[in-house]
Amino acid sequence: MNALLHHIRDLSGIGGELRPGIVHRLDRGTSGLLVVAKHDAAHLELSRQFHDRGVEKEYIALVWGLVHAGRRIDLPIGRDR
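Residues numbered from 1 in each chain as written. Predicted model: local features only at pLDDT ≥ 70, side-chain atom pairs only at ≥ 80, totals over all residues. Heavy atoms only, no water.

Trainee: Looking at this structure, how should I read the pattern of salt bridges?
Mentor: Oppositely charged side chains may form a pair once their charged atoms are brought near each other. Applying the stated criterion to the full structure yields 2 salt bridges. Where E45 meets R48, a salt bridge forms, and the shortest distance between an N and an O atom there is 2.6 Å. Here the residue E45 and the residue R48 both occupy positions in helix 2 (residues 40–51), the gap between them amounting to 3 residues, near one helical turn. Relative accessible area serves as the criterion here: at 34%, E45 is assigned to the partly exposed category. (Salt bridge = Lys/Arg side-chain N within 4 Å of Asp/Glu carboxyl O. Helix = DSSP H or I, 4+ residues; strand = E, 2+ residues; numbered from the N terminus. Buried < 20%, exposed > 50% of the residue type's maximum accessible area, 1.4 Å probe, protein only.)

Okay, here's the thing in structure tokens:
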């Protein structure tokens, strides 16, 4: 958070002092990607889209081994033990 505030001082205030601008944490147990809004209007709209399940997530994976073209891996994403 401190690094983010260092680069962008005027984030959305909706998240309060502890989480300014933070809209959503994608897949909290895995990637840790954050969605951050600079302005309150963007924060409200992004929050609405996540709430209404209007956000489509797409992942790119780094794999080890043979990958077959046109195949799909449809499994839960998790941390490496």
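Trainee: For this particular structure, what's the right way to read the layout of surface pockets?
Mentor: Where empty space is left in the structure can be found by rolling a water-sized probe over the atoms. Approximately 150 Å³ is the volume attributed to the second largest pocket. Considering the residues around the second largest pocket, the lining is formed by A61, V63, V67, H68, R71, R72 and I73. Looking at side-chain class alone, the lining of the second largest pocket contains 4 nonpolar, 1 polar and 2 charged residues. (1 Å grid on protein atoms, 1.4 Å probe; cavity = no way out; pocket = protein on both sides within 12 Å on 5 of 7 lines; lining within 4 Å. Points joined across faces, edges and corners; volume = space filled by probe spheres on them. Nonpolar A, V, L, I, M, F, W, Y, C, P; charged D, E, K, R; others polar.)

Trainee: Teacher, can you tell me more about the environment of V36 here?
Mentor: With respect to the helices and strands, V36 occurs in strand 2 (residues 33–36). The spatial distance from the C-alpha of V36 to the C-alpha of S12 is 8.4 Å, given a sequence separation of 24 residues.

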